[in-house]
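What follows is the residue order along each chain.
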Amino acid sequence: MHVDSINRRFIRFGTFQLRYRRFIIAALAVFTILGLAGLGKMTTSDNMDEWFNEYDAIQVNTDRFEELFGNEDQVLVLVQAEDVFDPVVLTMIRSLGAELLEKVPYAKELRSLTDMSVVFGSEEGIEVRSPFEDGIPPAGPEMEEKRAYILSRSSLVNMLVSDDCRETWLALSLYNYENKTDSTEMYSVGRAAQEIITDPKWQSPHYTLKPSGVAYTEWEESQVIMSETGRRIIGGFIVAIFCLIIFTRSFRGVIVPVLTMIGGVGSVFGYMAHLGIPADSNLMTLPILLAMALSIGYAIHLVNSFKLHSRRLGKRKEALIAAVGETGWPILFTAVTTIGGLLSFLFTGIGALRWVGVSSALTVFAVYLYVILLVPVLFSFGKDRRGSETVESGSTAVDSKFCRFGELLMQKRVPVIIIAFVIIAAFVPGIFGMTVNLDYFSFMGKKIPYIARLAGMLEAKIGSLYTYTVMVSFDEPDRFKDPVEMRNLDSLAQDLGALSLTKISGTRPRVSSVTEIVKEMYRTLNGDDPAFYSIPGDPDLLAQILFLYEISGGSDLFNRISEDFSTAVLTVELAGYDGNRIVETIKDAEAAARARFPGGNAVVVGMIASFAEMNNKVVYGELKSFAGSFLIVFILLALVFGSVRTALIGMIPNVAPIIIIGGIMGYAKIPLDMLTMTVMPMLLGIAVDDTIHFITHTRLELERTGSYRQGVLNCFGKIGKTLGTTTVILCAMFAVYALSPIAMLFHVGILSIIGMGSALLADYTLTPLLVLTLKPLGKERLAERPDTGTIRKGEKA
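Just so you know, these numbers come straight off a predicted model, no measurement behind them.

Asker: Would you mind going over unusual backbone geometry with me for this structure?
Answerer: Its identity is not glycine, yet asparagine 158 carries a phi of approximately 60°, on the positive side. Classification of asparagine 158 as buried rests on a relative accessible area of 5%. In the Ramachandran plot, aspartate 478 falls in the positive-phi region, its phi being about 65° despite a non-glycine side chain. Mapped onto the fold, aspartate 478 is located in the loop between strand S9 (467–473) and helix H16 (483–497).

Structural data, given as structure tokens:
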């Protein structure tokens, strides 16, 4: 189908628009008001479970763990002091713990120096109680006696309290959340804990408090993200206004695109709220800023075309109809390819990214409709130009400069192509250095205050942030009353302690299990002789120890083993997080557990296990998303251009920026995370827009002039400036991300700017040269007089 015939259809559409412009305004107004009314109902979500479905193995195992042992989340406070056995410090720990237990939702039980179960031997037998059950004594012999006993317990030293007595933990365990698919309950825990722990009454020169735990840090993250979301959206809006003022230089040229931007974005999010669909709090800025930028870009194409035709024709309505006819098809096509690229996120299998893909596609479609309907209608009101203000070509000095650039480009065709491909090839090796990393420090960055605090906690002697849990289960009950299996569990703890990422405090690997309780009990029953800190070999004695601990008031037993003694768990704390090494660590932990328990079922659960699985999802999700985006865009190009050859040529300048982005990420060690993985598929969908405009206009000019050379020159003269303008606007919008202290937003901003900038350079160089060299749009023909539509300096109309 010829471009001219398509344009004539859009001309008829433009005529229809202006004829019924008041009806269109009224209909859009009603639609927009109803949509915006839903914004008051909008909710956000930030739930890691959205990365998994109910059939994923990690989700099945986690559900089983929570069924047996409850919520794996805790509110943690690392207490640091010159001496944590100072009565002032211990009194604070007891009071703070009591307040947390009373006021934090879902609070279950405390574990701290003042609230813990320790085995004591006495003349009457064994009792399990807190060393400070009868109160906190003043500094003196009684306190030193309690200190010495606690430090004599192997299960406590460098686990709950450091051997130098400068650090200790306060841990609040939690009941299961009623609705774990909704982050609201988790946030309520974090918010309540934060209000308590940061209360000025707990500030003292005697100690420092460093809180952590998933609920606590997720609440802090949500506050940071919420603040940054507001700043980025407001910043993007200011940038949009600024760009419109610069590039349109008219009141109407600013107000009308702003209305399309607000209407398109606001309506989509409003109707999503009406339908009860929450926005992803981490990713919601992406569809908003993208739609804002594309809204302005589409409007600029339409307004610039209107100005060109207005300068030639003088008649406002005729110029608008001509502008709709000329730009309607390429704008529609670019919107469709961008939507297609964004919908490739559906292939990732990750709930959060599926939301980004669908919401971004909807906002792009919405702003397209608002632009194509509202801009011509609102610009149609006003006076025509006076005859003395019209120019036959409608071109400007800038347009003529682009024509001269096109001529220079043609003269240097071969060296430009060689240089372009050499530059692209230089980035290819960097792609193989790309990594995936999903830890806080990687995607949030240490410029964020709470991240800096967490980083400091990792440096502490008993400080840690990341844990995973190995769960070993049998079908038969009482299997862990067998000394053989209990000793295997103890051996597995040693195996896990030897893994490279396991946190070592002093000389103690931070691995905890039920074997510590058994060994402490066995030691106490034998006159507190350290030689008996082991697992007894007699099955009856082991069963009696477990029963004795339970009836003596111990509270920790069933946090580490199931009530039917068929399932036991080991918790491993890590020294840090490395996205690549953690995957191997999880595999090694599972392999060690299966080797020790060949007849049982061994799995790894917990936050780190989820992160490891998410690492895999990011890798495969990125591959599937990019492959899906490439295939969708290629098919659309082939269908619309009616030629696979033309589609392949059109893809070359759009794959180039993807290679450059991948190379930069590899060379600069910028990891793939939940946001940076969106850049490549999104960029492919956006970058192809300029290629579509260039090839479509070149084909139109080829049909009019019969010459590839003249067609390319006319294309440069007519839309060269507009292509640059829209790219500058897109880069300016994503520069808002580059100003963020959050690392993943900064990376998205920088990568998007580089990607879109390199895409523009490719469309200014590779696209026209490939079209000229390969001539994919049909044969040239002789024309009596080329209708250039542009006038260069010294040329007569």
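Read on, since the account is not over.
Asker: In this structure, what is going on with the packing of aromatic side chains? I would like to understand it.
Answerer: The geometry of two aromatic rings is summed up by the distance between their centres and the angle between their planes. Taken as a whole and judged by the stated rule, the model has 23 aromatic pairs. Ring geometry for phenylalanine 269 versus tryptophan 355: centroids 6.3 Å apart, planes at 65°, classification edge-to-face. Residue phenylalanine 269 is located in helix H8 (residues 251–274), and its partner tryptophan 355 is located in helix H11 (residues 351–379); the two are separated by 86 residues in the primary sequence. Across the pair, tryptophan 355 and phenylalanine 269 agree in class, each one buried. Taken together, a centroid distance of 5.9 Å and an interplanar angle of 55° make the contact between phenylalanine 734 and tyrosine 737 tilted. Of the two residues, phenylalanine 734 and tyrosine 737 both sit in helix H23 (residues 708–738), 3 residues apart, roughly one turn of that helix.

Asker: Please explain the pairing of S9 as it appears in this structure.
Answerer: Residues in a regular strand project their side chains so that they alternate between the two faces of the sheet. The buried fraction of S9 is high, at 6 of 7 residues. Pairing of S9 with strand S13 (residues 567–573), which is carried by 7 bridges, proceeds in the antiparallel orientation. Each residue of the ladder has a partner; that of threonine 467, found in S13, is glutamate 573. Summarising the sheet, S9 and strand S14 (residues 601–605) pair through 5 bridges and their orientation is antiparallel. Looking at S14, one finds that methionine 471 is bridged to valine 603.

Asker: Explain a nonpolar patch on the surface to me, please; I cannot follow it from the model alone.
Answerer: A cluster of nonpolar residues, Leu36, Leu39, Phe237 and Ile262, forms a patch on the protein surface that exposes about 290 Å² of accessible area. Structurally, leucine 39 is set in the loop between helix H2 (21–36) and strand S1 (44–45). Accessibility expressed as a relative area gives 36% for leucine 39, which makes it partly exposed.

Asker: Is there a simple way to think about the pattern of salt bridges in this case?
Answerer: A side chain of one charge can pair with a side chain of the opposite charge when the charged atoms of the two come close. Within the structure shown, the criterion is met by 25 salt bridges. A salt bridge links glutamate 99 to lysine 201, with the shortest nitrogen-to-oxygen separation between them at 3.1 Å. One end of the pair, glutamate 99, is in helix H4 (residues 87–103); the other, lysine 201, is in the loop between helix H6 (183–197) and strand S7 (207–212), and 102 residues separate them in sequence. The partner of glutamate 701 in a salt bridge is lysine 718, and the shortest N-O contact between them spans 3.0 Å.

Asker: Sorry if this is basic, but what is going on with the sheet that holds strand S2 (residues 74–81) here?
Answerer: Sheet strands line up and pair through hydrogen bonds in the backbone, either parallel or antiparallel. Strand order in this open sheet of 4 strands is S3-S6-S2-S7, and the pairing throughout is antiparallel. Every other strand in the sheet has two partners, leaving strand S3 (107–111) and S7 as the edge strands with one partner each. Pairs of neighbouring strands in the sheet enclose a mean axial angle of 20°, with direction left out of account. The pairing of S2 with S7 spans 6 bridges and is classified as antiparallel. Looking at the pairing, glutamine 80 lines up with threonine 208 of S7.

Asker: Even after reading the chapter, I still don't get the packing of helix H13 (residues 413–431) against helix H21 (residues 644–667), so can you show me in this structure?
Answerer: When two helices pack together, their arrangement is given by the angle between the helix axes and the distance between those axes. Closest axis-to-axis distance for the H13/H21 pair is 7 Å, and the angle between their directions is 45°. In terms of orientation, H13 and H21 fall into the oblique class. Relative to H21, H13 is oriented so that their crossing is left-handed. Together, Phe421, Ile424, Ala426, Phe427, Val428, Pro429, Gly430 and Ile431 of H13 and Ile652, Ala656, Ile659, Ile660, Gly662, Gly663, Ile664, Gly666 and Tyr667 of H21 make up the contact between the two elements.

Asker: Looking at this structure, I do not really get a negative patch on the surface. What am I missing?
Answerer: A cluster of acidic side chains, namely Glu133, Asp134, Glu142 and Glu145, defines a negative patch on the protein surface. Within the secondary structure, glutamate 145 sits in helix H5 (residues 141–151).

Asker: Mind showing me how you'd approach the side chain of serine 513 here?
Answerer: Relative to the assigned elements, serine 513 resides in the loop between strand S12 (511–512) and helix H17 (514–525). In this structure the side chain of serine 513 is engaged in a polar contact, spanning 2.7 Å, whose partner is the side chain of threonine 515. Look past the residues within four positions of serine 513 in its chain and what remains in contact with it is Arg560, Val569 and Leu570.

Criteria and thresholds
- Residues numbered from 1 in each chain as written.
- Predicted model: local features only at pLDDT ≥ 70, side-chain atom pairs only at ≥ 80, totals over all residues.
- Heavy atoms only, no water.
- Buried < 20%, exposed > 50% of the residue type's maximum accessible area, 1.4 Å probe, protein only.
- Helix = DSSP H or I, 4+ residues; strand = E, 2+ residues; numbered from the N terminus.
- Phe/Tyr/Trp six-rings, centres within 6.5 Å; stacked < 30°, edge-to-face > 60°.
- Pairing = 2+ DSSP bridges.
- Patch = residues over 30% accessible without salt bridge, like charges linked within 9 Å, V, L, I, M, F, W, Y side chains within 5 Å.
- Areas by Shrake-Rupley, 256 points an atom, 1.4 Å probe, with all protein chains shown as cover.
- Salt bridge = Lys/Arg side-chain N within 4 Å of Asp/Glu carboxyl O.
- Axes fitted to C-alpha atoms, helices over the stretch in contact; angles between N-to-C directions.
- Parallel < 35°, antiparallel > 145°, perpendicular 65-115°, else oblique.
- Left-handed = near helix turned anticlockwise from the far one by under 90°.
- Contact = heavy atoms within 4.5 Å.
- Lys, Arg positive; Asp, Glu negative; His and termini not counted.
- Charge placed at Lys NZ, Arg CZ, Asp CG, Glu CD.
- Polar contact = N/O pair within 3.5 Å; in protein donor to acceptor, adjacent residues only side chain to side chain.

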